Amino acid sequence: MEIMEEKQLHWADYYAEKIIREKGDKEVYVCASGITPSGTVHIGNFREIISVELVVRALRQKGKKVRFIYSWDDYDVFRRVPSNIKNRQIMETYLRKPITSVPDPEGREESYARVYEKELEELLPLLGIEPEYIYQANMYKSSTYAGGIKKALEKRETIRKILNEHRTSPLPHDWWPLSVFCTSCQRDTTKMLNWDGEWEITYSCNSCGNRQNLDIRKTSSVKLPWRVDWPMRWDFEDVDFEPAGKDHHSEGGSFDTAKKIVTAVYEHSPPVTFQYDFLSIKGRGGKISSSTGDVVSLKDVLAIYQPQVIRYLFAGTRPNTEFAISFDLDVLKIYEDYDRCERIYFGLEKIGEKREAKEKRIYELSQIGEPPGRIPYQVPFRHLCNLVQIHVGDVEAVVEGFKGIVDDEKDYIRARARCAWNWINLYAPDEFKFLLKGEDDKPIETDDTGRKVLSLFKNEVIEKLDSCDDQSLSKVLFDTARKSGLKTGDFFKYIYQALIGKDRGPRLANFLLAAGKEKIEKALKHY
Ligand SMILES: [Zn+2]
């Protein structure tokens, strides 16, 4: 990582170069990621996917062919019924079966696993992420890995030795690097009894008593345990790069033992890797993931951040750094940072050559596809929060308020306005929220001074709304306040009370211009 800093490379480019250097010149480079679909894929897991995608992109930009694979470990066992699940009692009867054999408790998809696979597969293209999906249940059921399984059986003692190095209690003498789903009851509650040295194994089932011989070239019921499955697939898919989280990357963790097993058993070099750090969540309450199944998903993040801004968060942070996905007021700052990065990319803001190069690269990597040919129509997120509230969530009305812009600019504003409205409704602090009064609303009770202030405001300010810009309107407002004989703060308080029923609100000149003469007139009709 230090070398990377010296060279001022983006981390994705640094790893792309490292892969080429360590793996040599190859026709195709394989970059891998994957997970067990036993629940909603949370935003912490997304860090792995986007990390791989950024490196894939960097490799492709160097003219390399890349296969980006995403493995659904859907031949894993259904170990635990999440506490918030429907039809709990029925679901419990599926414990210890493969998650692809467990039904979707809500009957939407063909299996429990498919629900979570589909959830993510539908969202990733929105972020420009399109891996090739590999379904491990299909791979195992079609005996595609038979050769790799046989090798593991042959090298049973080598694997045992590697795994025992990190175990407090050694694996029992009758341990085999294989798990078997009983062909009768489908559970993995089986015991392997024998291997004939070729393709046949014998097992018995502790649940139903079934005892059987299976040919590993023909059966759909065997799989390798996780710590052996991973290195077998590195060999099978010829994986060149795969990052992993802290939990796998510790000494004696599954990445560590997989490295040893791939070398000793499969005679294949381990992939280039890095460890990505955990994410935390800010301003939402609750944890990123929990046993209750309540997680912060990619969908939750897409509700308030444009896809480019999500990519920006990950592209702009080194994988080994912990950072927070914010749902609180930081959202405004993150949008501002993104817009600034965009202005730097288009040469509209200068920060010095070195830092500019870095920001420009982050911007490129934040785009869904190629960067746009000209700068998008930037509307600050904060301002859109005001606009969507003035129009009470009518995003189309907000978009129509921008005159003389073309369709793709409208799309861009529309997408951001939707995020703003979601943020206001889901996470914005109360002092940020307002509702502009309409002509049918009852006027607030005010005193003589208030009536004087409002009459002065109507006479001096409203007429000028159509012809003023932000700066000249501010001047008009301050002059009018002075005329009223009140302190500016007190004067503004009367105006905010009449418009939104609060003592404070968004910056007044900006707010009045955003709302427009017609809406302000209606709001003050009864005074
Ligand atoms: Zn059985």
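Just so it is clear, the model here is predicted, and its values are computed rather than measured.

(A) Spatial organisation of the packing of helix H21 (residues 488–500) against helix H22 (residues 508–523). Axis separation between H21 and H22 bottoms out at 12 Å; the angle between their running directions is 55 degrees. On the basis of their axis angle, the class for H21 and H22 is oblique. When the axes of H21 and H22 are compared, the crossing they make is left-handed. From H21, Phe492, Ile495, Tyr496, Ala498, Leu499 and Ile500 reach across to H22, where they touch Leu508, Phe511, Leu512, Ile520 and Ala523.

(B) Seen up close, the domain arrangement of the protein. What the domain assignment lists for the protein is domain 1 (2–171 + 225–276), domain 2 (178–223), domain 3 (279–366), domain 4 (381–432) and domain 5 (448–523). Centre-to-centre, using C-alpha coordinates, domain 1 lies 59 Å away from domain 5.

(C) Quick peek at the environment of Phe457. Position of Phe457 among the secondary structure elements: in helix H19 (residues 448–460). Counting along the chain gives 186 residues from Phe457 to Pro271, while the straight-line C-alpha distance between them is 70 Å.

(D) Region of the structure containing the environment of Trp175. By the element assignment, Trp175 lies in the loop between helix H8 (156–164) and strand S4 (179–180). Along the sequence, Trp175 and Asp411 sit 236 residues apart, while their C-alpha atoms lie 59 Å from each other. Contact partners of Trp175, with chain neighbours within four places excluded, come to Arg156, Ile159, Arg160 and Leu163.

(E) Focus on the coordination of the zinc ion. The zinc ion binds to the protein through Cys182 (SG), Cys185 (SG), Cys205 (SG) and Cys208 (SG), with metal-donor distances spanning 2.3 Å. For the zinc ion, the 4 donor atoms in the first shell make angles of 103 to 119 degrees at the metal, a pattern classed as tetrahedral. Each donor residue of the zinc ion lies on the same chain, and together they follow the pattern C-x2-C-x19-C-x2-C. Taken together, the positions of Cys182 in the loop between S4 and strand S5 (190–195) and Cys205 in strand S6 (residues 200–205) put the pair 23 residues apart, joining distant regions of the chain. Look at Cys182 and you get buried, because its relative accessible area is 2%. Here Cys205 falls in the buried class, since its relative accessible area comes to 5%.

(F) Looking closely at the packing of aromatic side chains. This structure, assessed with the given rule, holds 34 aromatic pairs. Geometrically, the ring pair formed by Phe346 and Tyr363 is edge-to-face, given 6.0 Å between the ring centres and 75 degrees between the ring planes. Of this pair, Phe346 sits in the loop between helix H14 (330–345) and helix H15 (353–366) while Tyr363 sits in helix H15; the two residues are 17 residues apart in sequence, bridging distant segments of the chain. Phe346 gets classed as partly exposed once you look at its relative accessible area, which sits at 21%. Taken together, the ring pairs in this structure connect Trp11, Tyr14, Tyr15, Phe241 and Phe274 into an aromatic cluster. Seen from the ring of Trp199, Lys150 lies directly overhead, with NZ or CZ sitting 4.9 Å from the centre. Positioned above the aromatic ring of Trp176, the side-chain terminus of Arg156 is 3.5 Å from the ring centre.

Reading guide: rules and limits
- Residues numbered from 1 in each chain as written.
- Predicted model: local features only at pLDDT ≥ 70, side-chain atom pairs only at ≥ 80, totals over all residues.
- Heavy atoms only, no water.
- Axes fitted to C-alpha atoms, helices over the stretch in contact; angles between N-to-C directions.
- Helix = DSSP H or I, 4+ residues; strand = E, 2+ residues; numbered from the N terminus.
- Parallel < 35°, antiparallel > 145°, perpendicular 65-115°, else oblique.
- Left-handed = near helix turned anticlockwise from the far one by under 90°.
- Contact = heavy atoms within 4.5 Å.
- Domains from an automatic or database assignment.
- Donors = N, O, S within 2.8 Å, 3.2 Å for Na, K, Ca; no water.
- Tetrahedral: all angles 85-135°; square planar, octahedral: opposite > 155°, others 65-115°.
- Buried < 20%, exposed > 50% of the residue type's maximum accessible area, 1.4 Å probe, protein only.
- Phe/Tyr/Trp six-rings, centres within 6.5 Å; stacked < 30°, edge-to-face > 60°.
- Lys NZ or Arg CZ within 6 Å of the ring centre and 35° of its normal.

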